[in-house]
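# Chains, contacts and geometry: an overview
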Amino acid sequence: MVRVMDTSGMTFEIITVSDGSTDGSPFTLAGFPETVVRRMEFETNAGKGHALRAGLGRGRGRYLGFIDADGDISPEFLAPFVTIMRTDEPDIIIGSKRHPGSVVHYPPLRRLYSWGYQHLIRLLFRLQVKDTQVGIKLVDRRVIADVLPLLRESRFALDLELLVLAHRLGYSKIVEAPVRIDERFGSTISLKAVWVLLVDTLGLFVRYSVLRRYDAALRARAG
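For every chain, the first residue of its written sequence is number 1, and the numbers climb from 1 along that sequence. Local features in this predicted model are restricted to residues whose pLDDT is 70 or higher, and side-chain atom pairs enter the listing and the counts only when it is 80 or higher, whereas totals over whole chains, interfaces and linings include all residues. In computing side-chain properties, one takes all heavy atoms of the structure into account and sets aside hydrogens as well as water.

A helix here means a DSSP run of H or I that spans at least four residues, while a strand means a run of E at least two residues long, and both kinds are numbered starting from the N terminus. When helices and strands are counted, the chain shows 8 helices and 8 strands. Atoms counted for the radius of gyration: C-alpha only. Globule rule: 2.2 Å times the number of residues to the power 0.38. In terms of C-alpha radius of gyration, the chain reaches 17 Å, essentially the compact-globule figure of 17 Å for 223 residues. A principal-axis box enclosing the C-alpha atoms of the chain has dimensions of 50 × 45 × 40 Å. Counting all 223 residues of the chain, 43% fall into the buried class. Relative accessibility decides the category of a residue: with a 1.4 Å probe and only protein chains considered, values under 20% of the type maximum give buried, values over 50% give exposed, and everything between is partly exposed.

Right, dumping it as structure tokens:
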């Protein structure tokens, strides 16, 4: 990632978040200066959403983004994301498995999960994007400044919550960009993970559309 960003012509920082990691990952960062790689560590796992909220809250850049650290997505894709952001100036860029230019090697069952989930998202939130859950996104700082204080998700539905609230606040210029994702042995996607994402998504729908718990804060931000 450092090599990719060095060639972008932009100043940058990388914030790593170890969310209760037990595999020794933090020790692989030895040798990187704190001015380039800033480290955050939590002793116990609190969930992907919590880790993202913590990292985004520390970011100081004009653009803020995130990428999963499990190797599914190569940091090389950050370069075209930066190019799109500088030329088209969208509010948000999201990686999308369903982009025509994407190359995705997934087992059929995982493709079925993804297809069904995205149709559920359109039904519940009327969000006109084809894929919300790919673990690479780049966001204009204005969006993060408005949306981050409103985020509540601590697990996998954080990506969706970010997009739903940003769209509600008028940040509708969302660009979907191609990615390459190869099937890996030991992938974290499981029936349990799918169930957790589904439960969190329905919980977000209840808070957002039924109980309307975001309304007051959204009105204050919009005003």
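Having seen the structure, we can now continue with the description.
It is at 11 Å that the axes of helix α6 (residues 158–168) and helix α7 (residues 191–210) come closest, and there the two elements cross at 25°. Accordingly, the angle class assigned to the pair α6 and α7 is roughly parallel. The hand of the α6/α7 crossing is right-handed. Contact residues: Leu160, Glu161, Val164, Leu165 and Arg168 in α6; Thr201, Leu204, Arg207 and Tyr208 in α7. Classes in brief: Ala, Val, Leu, Ile, Met, Phe, Trp, Tyr, Cys and Pro nonpolar; Asp, Glu, Lys and Arg charged; the others, Gly included, polar. Classifying every residue of the contact of α6 with α7 gives 5 nonpolar, 1 polar and 3 charged. The axes are straight lines fitted to the C-alpha atoms, using for helices just the contacting stretch, and the angles between their N-to-C directions are given from 0 to 180°. Angle categories are assigned with fixed cut-offs, so that under 35 degrees is roughly parallel, over 145 is roughly antiparallel, 65 to 115 is roughly perpendicular, and the rest are oblique. Handedness of each helix crossing follows the sense of rotation of the near helix against the far helix: counterclockwise by less than a right angle gives left-handed, clockwise gives right-handed. Any two residues whose heavy atoms approach within 4.5 Å are treated as being in contact.

Now for the sheet that holds strand β6 (residues 136–140). We call two strands paired when DSSP finds no fewer than two bridges between them. Read from one edge to the other, the open sheet built from 4 strands follows the order β3-β6-β4-β7, with strand pairing classed as mixed. The strands lining the two open edges of the sheet, one partner per strand, are β3 (63–67) and β7 (174–178). Across the sheet, the mean angle from the axis of one strand to that of its neighbour is 20°, orientation sign disregarded.

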